[in-house]
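Reading the structure
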Amino acid sequence: MTKPVFRFAPSPNGRLHLGHAFSALLNADFARRFGGRFLLRIEDIDITRCRPEFEAAIYDDLAWLGLHWEEPVRRQSEHFADYHVAFQELKGRGGVYPCFCTRKDIAETIACREAESGEAWPRDPDGAPLYPGTCRAMPAAEAERRIAAGEPHAWRLHMAALEQLVPGPLRFRRFDREGREDTVTAQPRRWGDAVIVRKEIPTSYHLSVVVDDALQGVTHVVRGQDLEAATDLHVLLQALLDLPTPRYHHHGLLRDPEGDKLAKSRRSKSLDEFRAEGATPQAIWRRLGFEP
Ligand code: GLU
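In short, a report on the structure. Quantities reported herein were computed from a predicted structural model and do not represent experimental measurements.

**Points about the overall build of the protein**
- Helix and strand content of the protein: 10 helices and 10 strands.
- What you see for the protein is a C-alpha radius of gyration of 20 Å, in line with the 19 Å of a compact globule of 292 residues.
- A principal-axis box enclosing the C-alpha atoms of the protein has dimensions of 60 × 45 × 35 Å.
- Across the 292 residues in the protein, those meeting the buried criterion constitute 48%.
- Contacts spanning at least 24 positions in sequence make up 77% of the contacts within the protein whose residues lie at least 6 apart.
- Of the accessible surface of the protein, which amounts to about 14900 Å², a share of 51% is contributed by carbon and sulfur atoms.
- Computed over 41 positive and 43 negative side-chain charges, the inter-centroid distance for the protein is 2 Å.

Listed below in C-alpha cells is the structure:
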C-alpha cells in the first residue's frame, strides 16, 4: 500500500507566525500518526512579494521547531512550465477566456449594475465581487488581436461552460483529526469566473496548487479554514485536468486577543520573535496543543 502524503506549503512573503507553526505541526503529526510522508513546498509564484530571506527563514524556523521534511523541496517558481501545460489543457477544452479588464473597469461596471438594480452585487466566498462577465462574450478575433498587440490580460474560468464539461455534482472526501471521513459537495459556481492565470504572473494559486499536489502525489491536504472554500475550485480543476482529488482537512485559524486571525499583514508575532524572547520549541508545541 502506498503511504499517505502530507505537505506544508507556505509562501515566503513574510516571517512564519504561530498559525503557520500550527499548520506545519498538524501536518507532521498527521503524517506520523498515519504512517505517511511529510513534504514542504515553497509557494513563491508571486515573485513581486516573495523574498529569498523569507524562504531561508522558513527552513530555519521549521528546523528549529524540530520538523523534518523530504528533500528536494519543490519551489513553485521553478515550475511555471508545468502550470503552463495545465493551462493549455484548460484552454484546449474551451474552459477559459482572456480578460482585459482592470480592477477599476470591474469596480465601475459593478457600481453601475448596483445603481441600476438597487441590489448589492454578489460576492465570492472571500468577499470579492464576482466578475461581471465583461470579456466573456468577446469575439475570438478581437481577443486574439488584443493579445497579439501585447495588451495585458488575465485568463478566467468560464464557469458556465465548465459546468457543461464536468456535469454532475463534484465531491471530495473530508477527514477530521481522528481520521473520520465524510463527503462534501463542492460548489465552484459561487466563485464565478475566477482568475486562473493572473495578469502579472503566468499562473495562479489555484492552478499551481492543484498541479503540484498531483505531481507530488499528495493524498491528504491539511491547511487553514481560510482556504476551505477554495477547495471548490481545486476539485473542479482536478476533474477538468483528470488529476486525483486528495482528501482535505481544514483546521481552525489561530486568532489574536482581538479575535482577528493571525496574519503577516497584521504584524502578528513571528516565530523568530518568540525565539528571541527565549521560547523553546517544546513550549511552542505545547502552546499549540502538541506533545513534543
Ligand atoms: N501557500 C498557501 C498559504 O501560505 C497555502 C496553500 C495550501 O495549503 O493549499 O496560505
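**Points about the environment of E181**
- Relative to the helices and strands, E181 is located in strand β7 (residues 181–186).
- On the accessibility criterion, E181 (33% relative accessible area) is partly exposed.
- For E181 and A86, which are 95 residues apart along the polypeptide, the C-alpha to C-alpha distance reads 29 Å.
- If we skip the residues at most four places from it in the chain, E181 touches R173, R174, F175 and R247.
- Among the polar contacts made by the side chain of E181, one reaches the side chain of R173 at a distance of 3.1 Å.
- There is a polar contact of 2.6 Å between the side chain of E181 and the side chain of R247.

**A closer look at the environment of K261**
- Mapped onto the elements, K261 comes out in the loop between β10 (247–251) and α9 (271–276).
- Along the backbone, K261 and F22 are 239 residues apart, and their C-alpha atoms lie at a distance of 13 Å.
- Ignoring sequence-local partners within four residues, the contact set of K261 consists of D226, L253, L254, R255 and R266.
- At 3.5 Å, the side chain of K261 and the side chain of D226 are in polar contact.

**What about the site of the ligand?**
- In the vicinity of the ligand, the contacting residues are R7, A9, P10, S11, E43, Y205, V209, R223 and L227.
- Contact between the ligand and A9: a nitrogen atom at 2.7 Å from a main-chain N or O atom of the residue.
- Note that an oxygen atom of the ligand is positioned 2.8 Å from one of the side-chain N or O atoms of Y205.
- Here the ligand loses 79% of its free accessible area of 300 Å² to cover by the protein chains.
- Residues that form the shell around the ligand fall into these classes: 5 nonpolar, 1 polar and 3 charged.

Basis of the calculations
- All residue numbers refer to position in the chain's written sequence, counted from 1.
- Side-chain atom pairs in this predicted model are given and counted only at pLDDT of 80 or more, local residue features only at pLDDT of at least 70, and totals for whole chains, interfaces and linings cover all residues.
- Heavy atoms throughout the structure, all of them, feed into the side-chain values; hydrogens and water do not.
- The helix count covers DSSP runs of H or I at least four residues long, the strand count covers runs of E at least two residues long, and both are numbered beginning at the N terminus.
- Radius of gyration: C-alpha atoms only; globule rule: 2.2 Å multiplied by the number of residues to the exponent 0.38.
- A 1.4 Å probe rolled over the protein chains alone gives each residue an accessible area, and that area as a share of the maximum for its type sets the label: buried under 20%, exposed over 50%, partly exposed in between.
- Two residues form a contact once any of their heavy atoms are found within 4.5 Å.
- Only the protein chains shown count as cover for residues, and the accessible areas themselves come from Shrake-Rupley with a 1.4 Å probe.
- When charges are counted, Lys and Arg contribute as positive and Asp and Glu as negative, whereas His and the chain ends are disregarded.
- In this description, the location of a charge corresponds to atom NZ of lysine, CZ of arginine, CG of aspartate or CD of glutamate.
- Within 3.5 Å is the distance limit for a polar contact, defined as a pair of N or O atoms, with the added protein rule that one can donate a hydrogen and the other accept it, and that residues adjacent in sequence qualify only through two side-chain atoms.
- A molecule or strand has a residue near it when one of that residue's heavy atoms lies within 4 Å.
- All residues other than Ala, Val, Leu, Ile, Met, Phe, Trp, Tyr, Cys, Pro, Asp, Glu, Lys and Arg, Gly among them, are scored as polar; the first ten of these are nonpolar and the last four charged.

Nothing here speaks to function; it is geometry throughout.
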